[in-house]
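Close look at the chain arrangement
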Amino acid sequence: MAGANERSFIMIKPDGVQRGIVGDVIRRFEQKGYKLVGLKMIQAPRALLESHYEEHKGKKFFEPLLTYVGSGPCVAMVWEGLNVISVGRKMLGATDPSKAEPGTIRGDFSIVTGRNICHGSDSETAAKREIDLWFRPEEVANWAHTAERWIYE
Ligand code: GDP
Ligand code: MG
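No experiment lies behind these values; they were computed from the predicted model shown.

The rules behind the values
Residues numbered from 1 in each chain as written. Chains lettered and ligands numbered in written order. Predicted model: local features only at pLDDT ≥ 70, side-chain atom pairs only at ≥ 80, totals over all residues. Heavy atoms only, no water. Helix = DSSP H or I, 4+ residues; strand = E, 2+ residues; numbered from the N terminus. Rg over C-alpha atoms; globule rule 2.2 N^0.38 Å. UniProt positions renumbered as here; feature names shortened; annotations may be inferred. Buried < 20%, exposed > 50% of the residue type's maximum accessible area, 1.4 Å probe, protein only. Contact = heavy atoms within 4.5 Å.

Before going further, it helps to spend a moment on the overall build of the protein. Within the protein, the regular secondary structure consists of 8 helices and 4 strands. Secondary structure elements in the protein, listed N-terminal to C-terminal, are β-α-α-β-α-α-β-α-α-β-α-α. The C-alpha radius of gyration computed for the protein amounts to 15 Å, which stays within 12% of the reference 15 Å derived for 153 residues, consistent with globular compactness. With the principal axes as the frame, the protein shows a C-alpha extent of 45 × 35 × 25 Å.

This is how it looks when you write it as structure tokens:
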């Protein structure tokens, strides 16, 4: 289906790993019908995080953010499917968990912005940049979902 090859970079931050939420995040994206095409656990070096969060450089939360996300392993993922970038952001919920709806990942599992469990690309440009930053091309799998005709019309 047209657009079903859209990809988003979704990451579970170290708090999500420590709190045992990895399986739940993966389950939600799998059950939605999205296709997992990249997955790895990585404790990100500072340079990678500086680049990943370059838009926030200079803001007061920048240094605490790099310390937080670099403090332990993250689970970095690439998910594929129709509108996965915008729908993935809705599944994560608002950046500030106090504004995130119940039923979203942040709404269900977190309380403060500085420990909000997960990251998701916010645009096509960001998704491409982030996937290229975190994954080598051969680390992203091209595979056919046998259930595809039951997910898309
Ligand atoms: P996101 O795209 O929803 O993750 O939000 P942003 O791109 O605006 O910010 C990136 C990350 O920085 C957020 O997910 C938070 O972990 C953190 N962050 C953003 N704003 C604040 C803030 O005001 N205070 C703190 N402590 N962290 C923030
Ligand atoms: Mg962002």
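Attention now moves to the UniProt feature "binding site: ATP" (unreviewed entry) in the protein. Feature annotation in UniProt assigns "binding site: ATP" (unreviewed entry) to the following positions: Lys 13, Phe 61, Arg 89, Thr 95, Arg 106 and Asn 116. Tracing the sequence through the fold places Arg 89 in helix α5 (residues 84-92). Checked against the element boundaries, Thr 95 lands in the loop between α5 and α6 (105-109). By relative accessible area, which is 42% here, Thr 95 ends up partly exposed. Discounting chain neighbours no more than four positions away, the residues touching Thr 95 are Arg 89, Arg 106, Thr 113 and Asn 116.

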